[in-house]
Amino acid sequence: MSAIATSAGPDAVPATDLDWWRGGVIYQIYPRSFQDSTGDGIGDLAGIAARLPYVASIGVDAIWISPFFTSPMKDFGYDVSDYRDVDPMFGTLDDFDHLVTEAHRLGLRVMIDLVLSHTSNEHEWFKESRSSRTNDRADWYVWADAKPDGTPPNNWLSIFGGPAWHWDAKRLQYYMHNFLASQPDLNLHAPAVQDELLDTTRFWLEKGVDGFRLDTINFYFADKDLRDNPALAPERRNASIAPAVNPYNYQEHIYSKNQPENLDFLKRFRDLLDEYPGSAAVGEVGDAQLGMELLGQYTKDGQGVQMCYAFDFLAPERLRAERVSSVFAHMKEAAPDGWACWAFSNHDVTRHMTRWGLTDLGARMYATLICSLRGSICLFQGEELGLSEAEIAFEDLQDPYGIEFWPEFKGRDGCRTPMVWEASNVNAGFSDVRPWLPVAPEHLANAVAVQDGREGSLLNHYRRVVSMRNEMPVLRRGDQTELTATGDLLTFIRTDGTDRVFCAFNMGEAPIEVALPLGNWVPVEGIGGTEPGLAGLVLDGWDYALLRAVRTTT
Ligand code: ISL
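Residues numbered from 1 in each chain as written. Predicted model: local features only at pLDDT ≥ 70, side-chain atom pairs only at ≥ 80, totals over all residues. Heavy atoms only, no water.

Enquirer: Could you clarify how one ought to interpret the pattern of salt bridges in this entry?
Expert: Close approach of charged atoms allows side chains of opposite charge to pair. The final tally for this structure, using the stated rule, is 33 salt bridges. Asp-452 serves as the salt-bridge partner of Arg-463, at 2.9 Å between the closest nitrogen and oxygen. One end of the pair, Arg-463, is in helix 12 (residues 458-471); the other, Asp-452, is in the loop between helix 11 (448-451) and helix 12, with 11 residues separating them in the sequence. Take Asp-452: its relative accessible area is 37%, and that puts it in the partly exposed class. (Salt bridge = Lys/Arg side-chain N within 4 Å of Asp/Glu carboxyl O. Helix = DSSP H or I, 4+ residues; strand = E, 2+ residues; numbered from the N terminus. Buried < 20%, exposed > 50% of the residue type's maximum accessible area, 1.4 Å probe, protein only.)

Enquirer: Quick question: what am I supposed to make of helix 4 (residues 191-206) here?
Expert: Residue pairs spaced three or four apart in an α-helix point in one direction, given the helix's 3.6 residues per turn. Here helix 4 spans 22 Å end to end across 16 residues, near enough to the 22 Å set by a 1.5 Å rise per residue. Here helix 4 has its buried residues at Val-193, Gln-194, Glu-196, Leu-197, Leu-198, Thr-200, Thr-201, Trp-204 and Leu-205. A positive phi of about 100° marks Gly-208, the residue just after helix 4. (Expected span 1.5 Å × (residues − 1).)

Enquirer: Looking at this structure, how should I read the sheet that holds strand 10 (residues 280-284)?
Expert: For sheets, the rule is that strands pair by backbone hydrogen bonds, running either parallel or antiparallel. Read around the closed barrel, the 8 strands follow the order 1-2-5-9-10-11-12-13; overall the barrel is parallel. Adjacent strand axes in the sheet meet at a mean angle of 30° when their direction is disregarded. When strand 11 (residues 307-309) meets strand 12 (residues 340-342), the two strands line up parallel, connected through 2 bridges. The residue bridging Tyr-309 from the neighbouring strand is Cys-341, located in strand 12. (Pairing = 2+ DSSP bridges. Axes fitted to C-alpha atoms, helices over the stretch in contact; angles between N-to-C directions.)

Enquirer: What is the right way to look at unusual backbone geometry in this model?
Expert: Negative phi values dominate among residues other than glycine, just as trans dominates among peptide bonds. Following Trp-406, the chain continues into Pro-407 via a peptide bond in cis, with omega recorded as -5°. Among the secondary structure elements, Pro-407 is positioned in the loop between helix 10 (400-405) and helix 11. Look at Asp-301: it is not a glycine, yet its phi comes out positive at around 55°. Its place among the elements puts Asp-301 in the loop between helix 6 (291-298) and strand 11. Here Asp-301 falls in the exposed class, since its relative accessible area comes to 55%. Its identity is not glycine, yet Trp-542 carries a phi of approximately 65°, on the positive side. With respect to the helices, strands and loops of the structure, Trp-542 is situated in the loop between strand 20 (536-539) and strand 21 (544-549). With relative accessibility at 13%, the residue Trp-542 sits in the buried group.

Below is the structure:
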């Protein structure tokens, strides 16, 4: 069976563009918060299917749906208890089939979120594994004896707080968990675990999905010898994957994750994908020190995943010209053949409007920037509306991560509040009842219905810059010269065999003069920005210009 839609329709996904993912734009949907169709205050698959025409209207290539599999929801679906079924809260497998058909009819590919590094402790595999030291699945998880004094086998830490080990009174052993104690890590050193995970992947490919977002792809293997992680020098700490108050930042995680054996597993994964032409995967690489090096290894030479999801632009500090330029310079060194997928917001971080203190003008500049860069892109639901981080009262908190570190770190609920479709009711057209997380009242003014038909809205700006990228192969797949940062000014040129586009971004408030490279340049149509004079142009605060080289015939 082909991984590409067979459904006819004017916009149906083109079977020929097997490389759609390269430079593509992916729209992330958090299913609990997109659209409730059953009146229980929680979004579901039927709700997503009903809203797909809106998603298609943005011009994106694909949707990535965060996990909707059977789960006790301790980590809101990132704790899977059955990989091959839909949690009743989200619907049924039939609802999923309908969603895929609808998406393909509208020209959207469907990527699902596979959480292969760990399961829920309610998964049947874990129940069996913990039942004895000799059962068939005894080695499916990372089990280890206590030290003679009863303490955990080594110093590994959980991202969500405390040690990465939980005592099991039945086996009289510890098991490892990189996240919650209710998310035991699978042991991918066991061949049977790999086989089972690949079979699961095939199950979804056979259902017609076009690809995967692979959760925590660098956490698949832990050191067989369970060696202690070394301490990390304080000056090398950074808060890109865990907040600064989290002691997880105090270690260099060279043994608890990032193991070389992963490359062999990813090769097996890729061989499977290659049986389904046109399918693609983006692996989430969470590592504060080695992220770019791993991205390079995992996306090299068609031997691993097609793209890695990078954390570089998710950092708390506002993204400045110098940082963009140094990230690409580092990529050239550490991952010269790699392919990144960039994002400013997702379901784990403070929305970038708030994180970076942006105005509407700033949001437009960043949207244009991400659509001009080399790589693929993930947009997070609501970012196109300019949603800010919602303030959640402690009594409304849902995220266990936030409950653990409150109030120094408030967790991830503030970016997970419902989509705002309409301004005319308090539940924003998301649900008929009070949703699982409250709609932020200040979000109502940003609702889709408010922005949809308004020419100058941020939503229409996103539509414009996504379609600019779609219409210009040089932006999607072309090369990119070295990026130059001069104060708040970022400049670079995108090139391919037929086109050259000079891109200039004023990433600050004060006007900046920009000298043009040699040649004749005309503004890219429909994008706005300043008209160039003969020698250059002036960019006002947060303004940008994309200029195309006029080809001279001799
Ligand atoms: O959430 C984070 C920072 O606030 C990250 O460190 C996050 O834990 C890391 O990126 C891994 O995230 C993924 O796996 C987690 C899940 O809770 C996240 O929602 C998911 O994106 C465990 O499955």
